[in-house]
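An overview of the molecular structure
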Amino acid sequence: MPGAPPWQARRRNGLDTTAPGTEETLAAATAKAAAPGEPVEMVQLLGPDGTLGSDPVFSDYAKRIDPEKLRVFYTDMAKIRRFDQEATALQRQGELALWVPLTGQEAAQIGSGHASQSQDYIFPTYREHGVALVRNVDLAELLKQFRGVSNGGWDPRENNFHLYTLVLAAQTLHAVGYAMGIQRDQKLASADSTDPKAAVIAYFGDGASSEGDVHESMVFAASYNAPVVFFCQNNHWAISVPTEVQTKVPLANRAKGYGFPGIRVDGNDVIAVHAVTEWALEHAREGRGPVLIEAYTYRVGAHTTADDPTKYRESAEEAAWREKDPLDRLEKYLRAEGLADEAFFDQVKADGDELAKYVRSTTHGLEVPDIRDAFASVYAEQHPLIAEELAWFEEYSAGFESDEEAAN
């Protein structure tokens, strides 16, 4: 790989240049955390201008990514952005109750998702649509929850991708418990077992990092050396609260207090995200304990479609981050290296439009469940209070004209 370009001051998280996965690398990964005001160290391989730099540790992992995999990265990032646009439009048209956009965070999700293996289990929040795509979750199924016709939308056992968690940070506790279960299953497995070792990824945001559940999950993960990777997407805004209010030091530095590695990576650099996550998962699978990854990225759009980001942030900030767009930088690299031609990019666009068409038609075809089913599932047995509320609902509903009556 070429040397780092002039704009790219090599900023690493103190990682040693020894072979990945060694004790020396672990020691280096837990290097001294920066104090407030000190330079922030960050792993970056692919810069905003599309130039590929090098890293003494993570370039070894980046070399495993062949041109075909890079094209898959770009395809998936473009697909999920097109899906995000379509889902936003569906919500604006009244087809979804709410939508949670991801635009700007594609590299963090696609890079980390592809670093996982099929036996690894994923615990998402409610914005990991890109990871869902990588794990082969039907994206139309994903929209069921946002249309209000399902409590989940897919079977998490089919893809080892858990249901979305709307309660902030609750999934980090679930992830650690699941990881501890994996740990115990592996100890009980016979010595000649050929089953691949597994790890867990827990996704959460910078806002959720302030929740007590994150602290508790990291305490348990460290205490029991659980095979879990905490993946924090720092998109700079917890709804309207900026990151500097959440923390005075890089979020990755918090790992040092728990005694395990913390790494900040350029979350808009899909190559670096993949390399760092692959290292972290290997670290966890081999019994070396948890890792915290802070993917330094940006939420370009609103927190949800119920939010208006113009009320709390400047348009200049958004414009500055658009210059670091994850799709643009990978496209520049693919074109400059002759790894993709115009036909490839045309096909990616066509595939994205086809996905959007499929998602729209499937969403329109979703049957609306009978709201009476909600009354039936509150208690295992009939309850007088629920019966009273159902009777009130029936009386209330009877006061409206039916479609047939309205037509006449």
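The rules behind these values
Residues numbered from 1 in each chain as written. Predicted model: local features only at pLDDT ≥ 70, side-chain atom pairs only at ≥ 80, totals over all residues. Heavy atoms only, no water. Axes fitted to C-alpha atoms, helices over the stretch in contact; angles between N-to-C directions. Helix = DSSP H or I, 4+ residues; strand = E, 2+ residues; numbered from the N terminus. Left-handed = near helix turned anticlockwise from the far one by under 90°. Contact = heavy atoms within 4.5 Å. Nonpolar A, V, L, I, M, F, W, Y, C, P; charged D, E, K, R; others polar. Salt bridge = Lys/Arg side-chain N within 4 Å of Asp/Glu carboxyl O. Buried < 20%, exposed > 50% of the residue type's maximum accessible area, 1.4 Å probe, protein only. Pairing = 2+ DSSP bridges. Right-handed = clockwise from strand over helix to strand, strands pointing away. Phe/Tyr/Trp six-rings, centres within 6.5 Å; stacked < 30°, edge-to-face > 60°. Lys NZ or Arg CZ within 6 Å of the ring centre and 35° of its normal. Patch = residues over 30% accessible without salt bridge, like charges linked within 9 Å, V, L, I, M, F, W, Y side chains within 5 Å. Areas by Shrake-Rupley, 256 points an atom, 1.4 Å probe, with all protein chains shown as cover. Core = buried A, V, L, I, M, F, W, Y, C linked by side-chain atoms within 4.5 Å.

Looking now at the packing of helix H3 (residues 67–92) against helix H14 (residues 326–336). Closest axis-to-axis distance for the H3/H14 pair is 10 Å, and the angle between their directions is 150 degrees. The way H3 lies across H14 gives a crossing that is left-handed. Mapping the contact onto sequence places Leu70, Phe73, Tyr74, Met77, Ala78 and Arg81 in H3 and Pro326, Leu327, Leu330, Glu331, Tyr333 and Leu334 in H14. Split into classes, the residues belonging to the contact of H3 with H14 amount to 10 nonpolar, no polar and 2 charged.

As a further point, take the pattern of salt bridges. For the structure shown, the criterion picks out 23 salt bridges. A salt bridge links Glu86 to Arg360; the nearest nitrogen and oxygen atoms lie 2.5 Å apart. Of this pair, Glu86 sits in helix H3 while Arg360 is found in helix H15 (residues 342–364), placing the two residues 274 residues apart along the sequence. Relative accessible area serves as the criterion here: at 9%, Glu86 is assigned to the buried category. In this structure, Arg329 and Asp266 form a salt bridge, with 3.0 Å as the shortest nitrogen-oxygen distance. Taken as a pair, Arg329 in helix H14 and Asp266 in strand S6 (residues 262–266) lie far apart in primary sequence, 63 residues in all. One salt-bridge network, held together by shared partners, links Arg82, Glu86, Lys349, Asp353 and Arg360.

Within a regular beta strand, the side chains point alternately toward one face of the sheet and then the other, so they alternate between its two faces. The element strand S3 (residues 228–234) is extensively covered by neighbouring structure, given that 7 of its 7 residues are classed as buried. Residue alternation in S3 divides its side chains into two sets, Val228, Phe230, Cys232 and Asn234 and Val229, Phe231 and Gln233, and both sets are buried. Across 6 bridges, strand S2 (residues 200–205) lies against S3 in parallel orientation. Considered in S3, the bridge of Val200 is made with Val228. Handedness of the crossover joining S2 and S3 through helix H9 (residues 212–223) is recorded here as right-handed.

It is worth spelling out the packing of aromatic side chains at this point. Per the counting criterion, the structure on display carries 24 aromatic pairs. Ring geometry for Tyr121 against Phe123: centres 4.9 Å apart, planes inclined by 45 degrees, an arrangement best described as tilted. The pair Tyr121 / Phe123 is uniform in exposure class, with both members buried. Where Phe123 meets Tyr178, the ring centres are 5.7 Å apart and the plane angle is 65 degrees; that geometry is what we call edge-to-face. Here Phe123, found in strand S1 (residues 121–123), pairs with Tyr178, found in helix H8 (residues 170–188); they are 55 residues apart in sequence, far enough to count as distant. Judged by relative accessible area, Phe123 falls into the buried class, the value being 3%. One aromatic cluster in this structure is built from Phe83, Trp99, Phe146, Trp154, Phe161 and Tyr164. The residue whose ring lies beneath Lys324 is Trp321, and the NZ or CZ to ring-centre distance is 4.3 Å.

The subject of this paragraph is a nonpolar patch on the surface. Taken together, the side chains of Val219, Phe220 and Tyr224 define a hydrophobic patch exposed on the protein surface, amounting to about 270 Å² of accessible area. By the secondary structure assignment, Phe220 is in helix H9.

Sheet strands pair by backbone hydrogen bonding; their relative direction is either parallel or antiparallel. An order of S1-S2-S3-S7-S6 is seen for the 5 strands of this open sheet, with the pairing classed as parallel. Looking at which strands have only one partner, the edges of the open sheet turn out to be S1 and S6. Direction aside, the axes of adjacent strands within the sheet are offset by 20 degrees on average. Examined bridge by bridge, S1 and S2 share 3 bridges and lie parallel to one another. Considered in S2, the bridge of Tyr121 is made with Val200.

Moving on: the packing of H3 against H15. Contact geometry for H3 and H15: axes closest at 9 Å, N-to-C directions at 35 degrees. For the element pair H3 and H15, the recorded crossing hand is right-handed. Contact residues: H3 offers Arg71, Tyr74, Thr75, Ala78, Lys79, Arg82, Phe83, Glu86, Ala89 and Leu90, while H15 offers Phe344, Phe345, Val348, Asp351, Gly352, Asp353, Leu355, Ala356, Val359, Arg360, Thr363 and His364. Residues of the contact of H3 with H15, tallied by class, amount to 11 nonpolar, 4 polar and 7 charged.

Further remarks concern the nonpolar core. Of all hydrophobic cores here, the largest spans 70 residues; its most connected members are Leu142 and Leu330. Broken down by element, this core gets its largest block of residues, 10 residues, from helix H12 (residues 270–285). Beyond its immediate sequence surroundings of up to four residues, Leu330 is in contact with Leu46, Leu70, Phe73, Tyr74, Met77 and Val270. Membership of the second largest hydrophobic core comes to 24 residues, among which are Ala169, Met218, Phe260 and Leu292.

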